[in-house]
Amino acid sequence: MPPSDPGGGDAPAPHLSALYQEVILDHYRRPRNRGTLEHPDVAVAKKNPLCGDEIHLHLAFDGDRVREVRFTGQGCAISQASASMMTQALAGKTAAEIGAVARRFSEMVAGDPAAARDAALGELRALAGVAKIPVRHPCALLAWNALAEALSTRG
Amino acid sequence: MSALIDRDEFPLLARAPELVYLDSAATTQKPRAVLDALRAYYEHDNANPHRGAYALSARATERYRAARERIARFFGLADADCAIFTRGTTEALNLVAASWGRANVGAGDEIVVSGAEHHANFVPWQQLALERGARFRICELAPDGRIDLDQLRAMLGPRTKVVAFHHVSNVLGTINPVREIAELAHGVGALAVCDGAQGAPHLPVAFDQLGVDFYALSGHKMLGPMGIGVLLGRREVLERMPPYMMGGDMIEFVHDDRSTWNVLPHKLEAGTPNVGDAVGLAAAAELLDAIGMDRVRAHEQALVRTAYERLSAIEGVHVYGPAPDARSGVVSFTVGDVHPHDLATILDARQVCIRAGHHCAQPLMRRLGVAATARASFYVYNDESDIDALVAGVRTAKELFGHATV
Ligand SMILES: Cc1ncc(COP(=O)(O)O)c(C=O)c1O
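Residues numbered from 1 in each chain as written. Chains lettered and ligands numbered in written order. Predicted model: local features only at pLDDT ≥ 70, side-chain atom pairs only at ≥ 80, totals over all residues. Heavy atoms only, no water.

Visitor: Honestly, the overall build of chain A in this entry has me stumped. Any pointers?
Guide: Scanning chain A from N- to C-terminus turns up six helices and three strands. Counting from the amino terminus, helix and strand elements in chain A follow one another as α-α-β-β-β-α-α-α-α. Here the C-alpha coordinates of chain A stretch approximately 65 × 35 × 25 Å along the principal axes. Looking at chain A as a whole, 43% of its 155 residues are labelled buried. By sequence separation, contacts in chain A at least 24 residues apart represent 59% of the contacts at least 6 residues apart. Element-wise, carbon and sulfur atoms account for 54% of the exposed surface of chain A, whose accessible area totals about 7,200 Å². Side-chain charges of chain A comprise 17 positive and 17 negative groups, with the mean position of each set lying 2 Å from the other. (Helix = DSSP H or I, 4+ residues; strand = E, 2+ residues; numbered from the N terminus. Buried < 20%, exposed > 50% of the residue type's maximum accessible area, 1.4 Å probe, protein only. Contact = heavy atoms within 4.5 Å. Areas by Shrake-Rupley, 256 points an atom, 1.4 Å probe, with all protein chains shown as cover. Lys, Arg positive; Asp, Glu negative; His and termini not counted. Charge placed at Lys NZ, Arg CZ, Asp CG, Glu CD.)

Here it is in structure tokens:
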């Protein structure tokens, strides 16, 4: 075997290029709504003990509508981008509307092609590629599990 | 360097020629010799040992005894009955903490571990200390990643009951001076317990010369089957330990109001033993002895040196732990801001298997100041082409994440 390293890696598999695309990396490196709320109506934390990914979610409501949302956390590009995009998708929505988006998102992660095309998911559709990588589903869903808990805590 | 044992000897690797298996610190692949030994035991000699009054049961008993003897010899333990079979390192360490610990550690006593222990050699002691009102103390690491012996020396005192430490770190690959640490522990009358999960598969181990009271290991990390491990111990200490679990095989007489215990090793092996896997592990020991642990060590060093140099040469890659010559066959690293889990996914798409995460060593990760690392680990079936695949995969990951990694 030659001791010298090749100049670069080979082209990545297509499903990976589809997953690690610009928009995901952008949310990973410049997360939106990152931070905490001084007076959240609900605060929840979720951790994936297997890999250490972590999401803290703060929500403030106006009646039934989400007024403000912030998150902090750490982890892989998928978990953090998913959280960042989720917070953008929540603003101004009612709990019922959020539930519908969350359901659609889980369907997309589970591999439903119609969900992956659904305009209601907006930018979140960039995460459709994760469907093909079952071991990473928990990463994509972590923030959404935190959200489900937040909504159920609020009742 | 080519493989020390050909991939063809490992049915899983032979079946998947493209697979690049770099997670042997988690568990190794199994050679045909071990799989054959398992099958032969079940096809020819299987019965419940110690119990049946018939020739087949006697044969199973003999196979079990011979496996223990073979494994004890492999680890340089003359008194084979002081090799206690367990499910693995975790059970072996829990056995010591539960049996010896409960009998000997009281309020105000001290238990010392290092900051780089696997959870299996950290949590049982932490919990024992909490239960007993003992003080749980953590010795930090020196800059070279080994246990800081000066700090350890200063920490030990008349209240120290146990010093529990790892032979080889599963994250950094650092090799600790076992004999020196055992001497320090014994100097204050404390028990020396060594987690050998990453030592036993990779370094020659001569238990009777190591000086420790206990050495715990897992068969599945050294070519053996899952579900079998060993606690190597000193008779003097084992004899004074109360049983860990109660049931069949471990008793001598059961009266209505009390019981007496069987002799070693049976006192500490309650229930029907795992004969099949013990036989499998003995076959693994046979194979490793035939190659020679010195050669296993040299092979891994050559691989680890190459991997270390080639990974370090990539911009943005940070390798944790000591220089290659001072480590075992483990390389933990990070690649810019590519999270280790993303890296593992990208490598997995190229059939390169690495570990990513905290490696069951959260206290150490805190000390390193990282949440997760990627880890490649090597064994007898790896060769330089595996490192080529690893390095190429890391470069692909860097490109995928763009060069502006911050
Ligand atoms: C250093 C160390 N200690 C303990 C263990 C636990 O071994 P097992 O899971 O086989 O009981 C491991 C392996 O994961 C290890 O690397």
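Visitor: For this particular structure, what's the right way to read the site of the ligand?
Guide: All names here are of chain B. Taken together, Thr89, Thr90, His118, Ala120, Asn170, Asp195, Ala197, Gln198, Ser218, His220 and Lys221 make up the full set of residues adjacent to the ligand. The contact in question runs from an oxygen atom of the ligand to an N or O atom on the backbone of Thr89, over 3.4 Å. For the ligand, an oxygen atom lies 2.8 Å from a polar atom in the side chain of Lys221. Burial of the ligand by the protein chains amounts to 84% of its free accessible area of 390 Å². The residue makeup of the shell around the ligand, split by class, is two nonpolar, seven polar and two charged. (Near = heavy atom within 4 Å. Polar contact = N/O pair within 3.5 Å; in protein donor to acceptor, adjacent residues only side chain to side chain. Nonpolar A, V, L, I, M, F, W, Y, C, P; charged D, E, K, R; others polar.)

Visitor: Help me out: how do you make sense of the sheet that holds strand β14 (residues 355-357) of chain B in this one?
Guide: The pairing of strands in a sheet happens through backbone hydrogen bonds and is either parallel or antiparallel. All names here are of chain B. Read across the open sheet, the four strands follow the order β11-β12-β15-β14; overall the sheet is antiparallel. Sheet topology places β11 (317-320) and β14 at the edges, where each strand pairs with a single neighbour. Within the sheet, the average angular offset between the axes of one strand and its neighbour, ignoring direction, is 30 degrees. Judged from the four bridges that link them, β11 and strand β12 (residues 330-335) form a sheet pairing that is antiparallel. (Pairing = 2+ DSSP bridges. Axes fitted to C-alpha atoms, helices over the stretch in contact; angles between N-to-C directions.)

Visitor: Got a minute to help me understand the confidence of the model for chain A in this structure?
Guide: Any region with low pLDDT has predicted coordinates that should not be read closely. Of all residues in chain A, 94% have pLDDT values of 70 or greater, and the mean over the chain is 90. In this model, residues 1-7 of chain A is a region of pLDDT below 50 whose contacts with residues beyond four sequence positions or in other chains number 15 contacts. (pLDDT = per-residue confidence, 0-100.)

Visitor: I'm lost on the interface of chain A and chain B in this one. Help?
Guide: Accessible area lost upon the coming together of the parts serves often as the stated size of an interface. Opposite the 31 residues of chain A that make contact, chain B presents 25 residues. Summed over both sides, the interface between chain A and chain B buries roughly 2,200 Å², with carbon and sulfur atoms accounting for 54% of that surface. Counting the contacts that link chain A with chain B gives two salt bridges. In this structure, the salt-bridge partner of Arg29(A) is Asp337(B), at a minimum N-O distance of 2.6 Å. At the surface where chain A touches chain B, the tally comes to eight residue pairs in polar contact (both at pLDDT 80 or more). Going through the elements one at a time, α1 (14-19), α2 (22-29) and α3 (77-90) of chain A are the ones with two or more residues in the side of chain A that touches chain B. Residues of the side of chain A that touches chain B, tallied by class, amount to 18 nonpolar, eight polar and five charged. (Buried area = accessible area lost by both parts, 1.4 Å probe. Salt bridge = Lys/Arg side-chain N within 4 Å of Asp/Glu carboxyl O.)

Visitor: Which parts of the structure should I look at to understand the environment of Arg70(B)?
Guide: Residue and element names in this part refer to chain B. Considering the arrangement of structural elements, one finds Arg70 in helix α3 (residues 55-74). With 151 residues separating them in the primary sequence, Arg70 and Lys221 have C-alpha atoms 17 Å apart. Polar contacts involving the side chain of Arg70 include one to the side chain of Glu286, which spans 2.6 Å.

Visitor: Teacher, can you tell me more about the packing of aromatic side chains here?
Guide: Aromatic ring pairs are reported here in terms of the distance separating the ring centres and the angle at which the planes meet. All chains considered together, the criterion is met by ten aromatic pairs over all chains. Seen in terms of ring centroids, Phe105(A) and Trp144(A) are 4.4 Å apart; in terms of plane orientation they differ by 15 degrees. Their pairing is stacked. Placement of Phe105(A) in helix α4 (residues 95-109) and of Trp144(A) in helix α6 (residues 137-154) is noted, with a sequence separation of 39 residues between them. When sorted by exposure, Phe105(A) lands in the same class as Trp144(A), which is buried. Put simply, the rings of Phe10(B), Tyr21(B), Tyr379(B) and Tyr381(B) pair up and form one aromatic cluster. Across the ring face of Phe71(A), the terminal group of Arg34(A) is positioned such that the distance to the ring centre comes to 5.8 Å. In this structure, Arg154(A) is placed above the aromatic ring of Phe61(A), and the distance from its NZ or CZ to the ring centre is 3.6 Å. (Phe/Tyr/Trp six-rings, centres within 6.5 Å; stacked < 30°, edge-to-face > 60°. Lys NZ or Arg CZ within 6 Å of the ring centre and 35° of its normal.)

Visitor: What should I look at first to understand the environment of Gln74(A) in this one?
Guide: For Gln74(A), the location among the structural elements is in strand β3 (residues 65-74). Overall, Gln74(A) belongs to the partly exposed group, its relative accessible area being 34%. Sequence separation between Gln74(A) and Gly111(A) is 37 residues; the distance between their C-alpha atoms is 26 Å. Leave out the neighbours within four places in its chain, and Gln74(A) touches Gly52(A), Asp53(A), Glu54(A), Gln80(A) and Ala371(B).

Visitor: When you look at the domain arrangement of chain B in this model, what are you seeing that I'm missing?
Guide: Residues and elements named next belong to chain B. By the assigned domains, chain B splits into domain 1 (7-22 + 292-400) and domain 2 (34-289). Centre-to-centre separation of domain 1 and domain 2, based on C-alpha positions: 28 Å. Counting residues at the interface gives 31 residues for domain 1, matched by 31 residues for domain 2. Both faces combined, the contact of domain 1 with domain 2 buries some 2,400 Å², and carbon together with sulfur accounts for 64% of it. (Domains from an automatic or database assignment.)

Visitor: Would you mind showing me how to read the packing of helix α2 (residues 32-45) of chain B against α3(B) here?
Guide: Helices that pack against each other are described as a pair by the angle of their axes relative to one another and the distance between those axes. Residues and elements named next belong to chain B. For the pair α2 and α3, the least separation of the axes is 10 Å and the interaxial angle reads 155 degrees. Regarding the angle of α2 to α3, the classification is roughly antiparallel. Between α2 and α3, the contacting residues are Tyr41, His44 and Asp45 on the first element and Leu56, Arg59, Ala60 and Arg63 on the second. Partitioning the contact of α2 with α3 into residue classes produces three nonpolar, one polar and three charged. (Parallel < 35°, antiparallel > 145°, perpendicular 65-115°, else oblique.)

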